[in-house]
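Tertiary structure, described
Here is what each chain is made of, one letter per residue.
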Amino acid sequence: TIILPNNVRKISKGAFYNCTSLKNINLPEGLHYIDIQLFSNCENLTNITLPKSISYIGDNSFSSCKNLQSINIPDNVHTINGQAFIHCSSLETIYLGNRIDSIGTSAFSYCTSLKEIYITNPIPPSVSISSNNHPFYYGANINNINLYVPNGSANAYKNHSFWKQFNIIENP
């Protein structure tokens, strides 16, 4: 387990790249960015707590964290960049904060264990699609993933060209 001091505001890209022994990390409140490839290839990372202050999740930031089972994206995050969680093959549950409005290409591709996504934003986030590649392309069967959305927003998700493919369940 790594515990960073509370005065850390930014961690340079790739700082924990390929730290295969890293299992748990607690990031301090006040940290604003999860930079490019910050935790890429930390294949034994099982638990990470993202502080509420996080507003940016960079490309490939958690790629190939093969033992990460769930991720809670804080409310301040507006965008999850491309391939942020690609090849997180044990990822089962994603919690997306209420300000998420964009998810990049292949952000969750090859997340073969994904079962449920909880979105607290009543407005469906936009998704980046290029060359028939979308955030959940490859590996995950999106028709079998439960998408939990806020009360009163199920129709917005069911009418969205991308999100309608999921099993949409409205939270009471």
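Here, the structure is the one placed above.
Quick look at the structure, then. (Residues numbered from 1 in each chain as written. Predicted model: local features only at pLDDT ≥ 70, side-chain atom pairs only at ≥ 80, totals over all residues. Heavy atoms only, no water.)

Digging into the packing of aromatic side chains
According to the stated counting rule, one finds 11 aromatic pairs in the structure shown. Between Tyr33 and Tyr56 the ring centres are 5.7 Å apart and the planes differ by 65°, which places this aromatic pair in the edge-to-face class. Of this pair, Tyr33 sits in strand S3 (residues 33–34) while Tyr56 is found in strand S5 (residues 56–57), placing the two residues 23 residues apart along the sequence. Taking the relative accessible area as the measure of exposure, Tyr33 reaches 39% and is therefore partly exposed. Between Trp163 and Phe166, the aromatic rings sit 5.3 Å apart at their centres with planes inclined by 35°, giving tilted as the arrangement. Owing to a relative accessible area of 0%, Trp163 belongs among the buried residues under this scheme. (Phe/Tyr/Trp six-rings, centres within 6.5 Å; stacked < 30°, edge-to-face > 60°. Helix = DSSP H or I, 4+ residues; strand = E, 2+ residues; numbered from the N terminus. Buried < 20%, exposed > 50% of the residue type's maximum accessible area, 1.4 Å probe, protein only.)

Comments concerning the sheet that holds strand S10 (residues 116–119)
Pairing in this open sheet of five strands is parallel, and the strands run S6-S8-S10-S12-S13 from one edge to the other. Because the sheet does not close on itself, it has two edges, and the strands there are strand S6 (70–73) and strand S13 (167–170). Pairs of neighbouring strands in the sheet enclose a mean axial angle of 15°, with direction left out of account. The pairing of strand S8 (residues 93–96) with S10 spans four bridges and is parallel. In the strand pairing of S10, Thr93 is matched with Glu116. (Pairing = 2+ DSSP bridges. Axes fitted to C-alpha atoms, helices over the stretch in contact; angles between N-to-C directions.)

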